Amino acid sequence: MKKITLIRGGRVIDPANNIDMIADILICDGRVMGVGEVGNIEPEKIIDAKGLLVVPGLMDMHVHLREPGFEDSETIDTGRRSAAAGGFTAIACMPNTEPILDTQASIEYVLKRAGESPGPRVYPIGALTKGRKSREAVDFALLSQAGAVGFSDDGSSVESTDLMRKAMQRIKPLEKPAIVHCENPALVAGGVINEGPAAARFGLPPISAESESLMVRRDVDLARATGCHLHICHISVAKSLEIIARARQNGISVSAEVTPHHIMLCDEDIDRPDPNFKMNPPLRSASDVAALRQGLASGVIDAVACDHAPHSPARKGTDFAKAAFGVVGLETSLGIIATVMVHTGLMDWPALVRRMSSAPAQILGIGGGTLNVGAKADVTLIDPEREWVVDPGKFVSKSKNTCFAGKSLKGKAV
């Protein structure tokens, strides 16, 4: 017997099809069967969506699930449940696990674990270099066959320009993105916080804006030379935006993402050396944040990605200089972007859905991000007016390291 579900009377937003209207959605056996007037059908289940947004399932293309190797911080199971709580029906996981996702077996392990229970889809991203050591490229074709949707040494840049160029030449025929963490290690040199007033006030070693923008420029130049699609992770400074915008004008295939924490907070918001404010790249200046918001609104920034980085208390509960970089983000991402961008008038809901659903899916070439008839029925329902306060104690994630505890947000997946 077919399983039929009717989502009734919601505001259906599907940017891929230019749909924004009050409508019904009919789902049959996990596929979208109709949008609009769906006729006299007796569904097995009716979901009343009046007052809600009904959108293609949200996707986050930059998540750390920690498994294998760091299950005390997160597992594939808890990470998926955290994603579902945040409204995500699909996530892409980064390769900095132990062992690194740099072999066919490691990619297959993630897919096998993700397939053991229902929940958000998981798309593994393979490493760019073996062991993420920036010495030797992985077997891109083999990892692609195993199921890798892109390649990244996230957490560090590929230091060798020659190695990065050759890697991009080999990735291009696979039609996958090279996903880069842009950071010049020589300019970071042990830095832990943005170069600015907070670094001076707390006496912490700084990270300059140039450490990012110079590497963005290098990798954009390599994308131009090789024709490989370049995706830039978690951009944080205005100069990077300028480089990306100019590259697009010149026909270079480049996309970029921004995190919710870089959209909401700047280094002036760090009122104490709390390790939960330590992330990489660091929170930048107020002028950088203003530029990022404009870049997200205008489309220079293609996607929102939370860089969900769970850490156990042992890794995060120490002083700022020694603590691990990163914050959790899956359960706060939508609320932050809605609060900062939509409810202030900087961006409308269709644009948010594009940045958090259809664009990530398109960048990774994985399908999804649409409510096309016949498409997989990955659907997220959002209450745009739901006001709530971030309480880490209620997180589904195994880790609670957030810089948003106590923040009031508006907009929530329900």
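This text follows the structure it describes.
Residues numbered from 1 in each chain as written. Predicted model: local features only at pLDDT ≥ 70, side-chain atom pairs only at ≥ 80, totals over all residues. Heavy atoms only, no water.

**Student:** Can you tell me about the overall build of the protein, naming the residues and giving the values?
**Tutor:** For the protein, the helix and strand inventory stands at 13 helices and 16 strands. Seen through its principal axes, the protein has C-alpha atoms that stretch 65 × 45 × 45 Å. Taking all 414 residues of the protein together, the buried fraction comes to 59%. Taking the intrachain contacts of the protein between residues at least 6 apart in sequence as the baseline, contacts between residues at least 24 apart amount to 74%. Of the roughly 16,400 Å² that the protein leaves accessible, carbon and sulfur atoms contribute 50%. Of the charged side chains in the protein, 46 are positive and 49 negative, and the gap between their average positions amounts to 2 Å. (Helix = DSSP H or I, 4+ residues; strand = E, 2+ residues; numbered from the N terminus. Buried < 20%, exposed > 50% of the residue type's maximum accessible area, 1.4 Å probe, protein only. Contact = heavy atoms within 4.5 Å. Areas by Shrake-Rupley, 256 points an atom, 1.4 Å probe, with all protein chains shown as cover. Lys, Arg positive; Asp, Glu negative; His and termini not counted. Charge placed at Lys NZ, Arg CZ, Asp CG, Glu CD.)

**Student:** Residue-level account of the sheet that holds strand β13 (residues 254-258), with values.
**Tutor:** Read across the open sheet, the four strands follow the order β9-β12-β13-β14; overall the sheet is parallel. The open sheet has two edge strands, β9 (178-180) and β14 (303-304), and neither has a second partner. Direction of pairing for β13 relative to β14: parallel, over a ladder of two bridges. Bridge pairing links glutamate 257 to alanine 303 in β14. (Pairing = 2+ DSSP bridges.)

**Student:** I'd love a proper account of empty space enclosed by the protein, names of residues and values included.
**Tutor:** Following the criterion strictly, the structure yields three cavities of 30 Å³ or more and no others. For the largest cavity, the calculated volume is near 70 Å³. Every residue lining the largest cavity is listed: His181, Cys182, Glu183, Ser211, Glu212, Cys233, His234, Asn280, Pro281 and Arg284. Here the residues of the lining of the largest cavity are counted per class, giving three nonpolar, four polar and three charged. (1 Å grid on protein atoms, 1.4 Å probe; cavity = no way out; pocket = protein on both sides within 12 Å on 5 of 7 lines; lining within 4 Å. Points joined across faces, edges and corners; volume = space filled by probe spheres on them. Nonpolar A, V, L, I, M, F, W, Y, C, P; charged D, E, K, R; others polar.)

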